[in-house]
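# A closer look at the structure
The primary structure of each chain is shown beneath.
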Amino acid sequence: MPAHYLILFVPCALILVNYLYGVKKPPLPPAPPADPLIGHLRIAPSSDFHLFFYELGKKYGEQTASRTWSGIMHLNFAGKMMIVLNNVHTAIELLDKRSSIYSDRGPLKVLNIMGWTENLARMRYGKTFHQHRRMFHDNFNKTSVVQFQPIQLREARLLVQNLCEHPEERDKYLGRFAVSIITRIGFGHHVNSDDDPYVALAVETSETLAKAGSGGGVLIEIFPFLQYMPSWFPGTKYVHFAKRQVPRVRELYDFPFREVQAHTAQGTAGTSIMASQLEAHAREGDDVGYNLVDIKGMGATMYVAGVDTVSSGAPHRPMADDIYEGMLIPKGSMVIPNIR
């Protein structure tokens, strides 16, 4: 065989052998029947995606080798791959125990439109993500959190007292309990009444996140042009809801920062994480390792972590293919924890 034919034949033969006998990837998690090209787009609801995900998960969620319901399934919306986790155990196994793979966050457009920007739970994996994670670790590591136990104990006793005296208002006092702890630790503020501005802001934040939901922006992810369409255009419900929430979200960033900054300048600030950060930044400037925008962002992240009562978390994007219980979680797919 002439040499030039051999040069062509060998690579082609290798490609053919690899195609026929190469290692095949595991199957995706189960899914409902899909249409050609558009996938599951035809069955997508216009709202309440968290309920849609959960009901499908009950029907199609995979049963694992240990015969427990994993609640994991996949959906394909016109080429946008989503892996939905409807089970707490599955979410922990992937997002917590394999965090090195799932640390990257999906750029959910509906939350970006609202203004959820400098927020650890919304950041893409990279330099800023590492910086904010370090700020949290410095304040919430195993050694540091011990100092917060007296605050937690005081608020826990007050919670028990309120529940005993007003059991019919359980939800209100449980919500106030969470807000009281985070405002005291994060901002040095004592919550003493239901009229407290921090409580009001917490209620607004919970409502905003609950209405947006983890699945609320699915259509915007599939069709980004929707964010530029008028309100009467089909599928723009969440876009225009998000735009109306911008002032509310900005206040979440600005209000605690403004309050702590004012009290620090007056010398009346209580001991708190944000007050310590502002004092350190006043001494060292950005050389301290963070700037004022970072301090605002951490404050907002703490606040949201303390008041968010919705059952669904922020989407994640695996940075590499992963295998779970014999199922493929593709790199770059949107992994949504839909925990009830």
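In an α-helix there are 3.6 residues to a turn, and that puts residues three or four apart on one side. Those residues of helix α3 (residues 88-96) that fall on the buried side of the exposure criterion are Thr90, Ala91, Glu93, Leu94 and Leu95. On an axial view of α3, the arc spanned by its buried residues comes to 165°, and they lie on one face. Check the buried side of α3 and you find it contacts β1 (72-77), β2 (80-85), α4 (99-102), β3 (322-324) and β5 (334-337).

Moving on, we get to the sheet that holds β2. Here we have 3 strands laid out as an open sheet, ordered β1-β2-β5, and mixed in their pairing. Bordering the open sheet on either side are β1 and β5, each of which pairs with just one other strand. Shown here is a sheet whose adjacent strand axes are inclined to one another by a mean of 25°, direction ignored. The sheet contact formed by β2 and β5 spans 4 bridges and is parallel. Each bridged residue has a counterpart across the sheet, and for methionine 82 the counterpart in β5 is methionine 334. Where helix α2 (residues 49-60) meets the sheet, it contacts β1, β2 and β5, and its direction lies at approximately 120° from that of β1. Against the sheet, α3 contacts β1, β2 and β5, and its axis sits at roughly 120° relative to β2.

Our next topic: the pairing of β2. Where β1 meets β2, 6 bridges bridge the pair, whose relative direction is antiparallel. Its bridge partner lying in β2, isoleucine 72 is registered against leucine 85. Hairpin connection of β1 to β2: 2 residues between the antiparallel strands, including alanine 78 at a positive phi of 50°.

Under the counting rule described, the total for this entry stands at 11 aromatic pairs. Between phenylalanine 136 and phenylalanine 140 the ring centres are 5.9 Å apart and the planes differ by 25°, which places this aromatic pair in the stacked class. Of the two residues, phenylalanine 136 and phenylalanine 140 are both situated in helix α6 (residues 127-140); the distance of 4 residues between them amounts to about one turn of the helix. For phenylalanine 140, a relative accessible area of 31% gives the class partly exposed.

Residue position: threonine 271 is located in the loop between α12 (246-266) and α13 (273-284). Put simply, threonine 271 and arginine 184 are 87 residues apart on the chain and 8.4 Å apart in space, counted from C-alpha to C-alpha.

By the definition in use, this model includes 13 salt bridges. Aspartate 35 is the salt-bridge partner of arginine 42, the closest N and O atoms lying 2.7 Å from each other. Assessed through its relative accessible area of 60%, arginine 42 is described here as exposed. Residue aspartate 35 is classed as partly exposed on the basis of its relative accessible area of 24%. Residues lysine 97 and glutamate 93 are paired through a salt bridge, measuring 2.9 Å at the closest nitrogen-oxygen approach. Classification of lysine 97 by relative accessible area gives exposed; the value is 60%. Three or more residues joined by partner-sharing salt bridges are found here, namely Glu169, Lys172, Arg176 and Asp194.

Calculation notes
- Within each chain, residues carry numbers counting from 1 in the order of the written sequence.
- A pLDDT threshold of at least 70 governs which residues receive local features in this predicted model, and a stricter bar of 80 or more applies before side-chain atom pairs are shown or counted, although totals over entire chains, interfaces and linings include all residues.
- The basis for every side-chain value is the complete set of non-hydrogen atoms in the structure, without hydrogens or water.
- Residue exposure (1.4 Å probe, protein chains only): buried if accessible area is under 20% of the type maximum, exposed if over 50%, otherwise partly exposed.
- Only DSSP runs of H or I reaching four residues or more are called helices, and only runs of E reaching two or more are called strands; each is numbered from the N terminus.
- Here, the arc refers to the directions that run from the helix axis to the C-beta atoms.
- Contacts are assigned to residue pairs that have any heavy atoms within 4.5 Å of one another.
- A pair of strands is labelled paired if DSSP reports no fewer than 2 bridges between them.
- Axis definition: a line fit to C-alpha positions, over the contact stretch in the case of helices; interaxial angles, taken between N-to-C directions, run 0 to 180 degrees.
- Between rings of Phe, Tyr and Trp, where Trp is taken as its six-membered ring, a pair exists when centres lie within 6.5 Å; planes separated by under 30 degrees are stacked, by over 60 edge-to-face, and by other angles tilted.
- In the sections that follow, a salt bridge refers to a side-chain nitrogen of Lys or Arg positioned within 4 Å of a carboxyl oxygen of Asp or Glu.

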